[in-house]
Amino acid sequence: MAHPDSGTTVYGEHMTFAQQPRRVSILAGRVGHGGIGAILRDHCARWPASGVDTELVVERGAEDAVCGACHVTRLATLHPLWGRFPLAVWLARTRPTAIVVHRPRLLRPLFAAMRLTGQRPHVVGAVHAMLSPQLPEAAARKRRAFDTLAHCDALVTTSRAIADDLRGRPALVTMPLSVAWPPIDVARIAALAAEVPRAPRLGALDADYIVAVGRLEAVKGHARLVDAFARIAPIHPGLHLVVLGEGAEREALATRIRAAGMASRVHLAGHALNPFPWIRRARALVLASQHEGFGMVLAEALALGTPVIATDCPGGPAEILENGRYGRLVPPGDESALADAIAATLAAPHRPAPDAVARFDPDASSHVWLAALGVTAS
């Protein structure tokens, strides 16, 4: 049964369909709007253009899966237990030769489906987050998913920090492991940045501001950023803080903002589908996370020439900023140091050098992924 979207097939329900062999399948679950989504959209645009037959596999209901020239397959479910059955049907029909799995939790049902069907394509596990710095309860949940990485044929991480974290695990010592930084398409970002800034909860802001971009969760450190901003607000009376993102911490952050007397100057603007106009016009971008797999928004800000301040947390920030060469780094959780770094940046903007994003060339990233998959682009 064909899905209403062009080029899409739904498996795992009572329907008939034709076998459609693929060279590379991307098992994603959902695309999303964060760093993983940007990488997936790059795969689905760049790989078909390079002559690679590419299929994106998502869960039914993942309506954000609009990915250019690649074929999109929606499975009825990718639940850790029940997902094995639609995955088995899909494997038996399509017989992919290589699969990249962008969410480790999907490996368990995938390998179960392989056992059911006897299929054994080349499997590359994509790892976008570090396990070590997670809070204990989060680590327990992730460990079950990460344990299945040892059954992959190769791994690709999005930062050297994640690669080092994985290499410290005995089960992965001999695993082929590559690093592919998320691709930064400078021309695309610049074109999007030329648009008018829009956000669901904030109209035009005719004032100077600094910006933070990230979901409203404790790990992103927005509470510390609000406190740091409150410290410098008296000496920068015309400055505002714009936070782009949504999440479970919205009400707690709103309460904190009111308690700090910053309700007129700190704006929880919601999730902006296009954050780049906000980033380009900002006096600085601040990332205050407790840990990051990569921190893609830092690289995107560098591409726009916006000064950046980041916590030197476990993960990618120090890697992106080359230990302070391209932006200021402060200890995570230190709101005083964060406030000082923001004030110093406002006084003497640390403009990134033109070569700051050359390392994140999309073609180089694509080459690493395809090499891990054993696929050669034409």
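Above this note sits the structure.
Summarised in this report is the structure supplied together with it. (Residues numbered from 1 in each chain as written. Predicted model: local features only at pLDDT ≥ 70, side-chain atom pairs only at ≥ 80, totals over all residues. Heavy atoms only, no water.)

**Remarks on the packing of aromatic side chains**
Test applied: In this scheme Phe, Tyr and Trp rings, the latter by its six-membered ring, pair at centre separations within 6.5 Å, and the angle between planes marks the pair as stacked below 30 degrees, edge-to-face above 60, and tilted otherwise. Here a strand is any run of E in DSSP of at least two residues, a helix any run of H or I of at least four, and the numbering for each starts at the N terminus. Put simply, a charge is over a ring when the Lys NZ or the Arg CZ is close to the ring centre, within 6 Å, and near the line of the ring normal, within 35 degrees.
With the rule as written, the count across this model stands at four aromatic pairs. With 5.2 Å between their ring centres and 80° between their planes, Trp181 and Phe360 make a pair best called edge-to-face. In this pair, Trp181 sits in the loop between β8 (177–179) and α6 (186–193) while Phe360 sits in the loop between α12 (335–347) and α13 (362–373), placing the two residues 179 residues apart along the sequence. An aromatic cluster of three or more residues is present, and its members are Trp181, Phe294 and Phe360. In this structure, Arg359 packs its charged tip against the face of Trp181, placed 5.9 Å from the ring centre.

**Brief notes about the pairing of strand β2 (residues 24–29)**
Heads up, the rule is: The buried label applies to any residue whose accessible area, calculated with a 1.4 Å probe on protein chains only, is under 20% of its type's maximum; exposed applies above 50%, and partly exposed to all values in between. Only strands joined by at least two bridges in the DSSP assignment are considered to pair.
Burial of β2 is extensive: six of the six residues sit out of reach of the surface. Side chains Val24, Ile26 and Ala28 of β2 all project onto a buried face; the interleaved residues Ser25, Leu27 and Gly29 project onto the opposite face, where all are buried too. Note: β2 against strand β3 (residues 54–59), five bridges, orientation parallel. If you follow Gly29 over to β3, its bridge partner there is Val58. Pairing of β2 with strand β5 (residues 98–101), which is carried by four bridges, proceeds in the parallel orientation. Within β5, the position partnered with Ile26 by the bridge is Val100.

**Quick notes on unusual backbone geometry**
Even without a glycine there, the phi angle at Glu322 is positive, about 45°. Mapped onto the elements of the fold, Glu322 is located in the loop between α11 (317–320) and β14 (328–330). Judged by its relative accessible area of 32%, Glu322 is partly exposed. Backbone geometry at Asn323 places phi at a positive 55°, although glycine is not the residue there. When you line up the elements, Asn323 lands in the loop between α11 and β14. By relative accessible area, which is 66% here, Asn323 ends up exposed.

In short, the description is geometric, and any link to function would need to be established separately.
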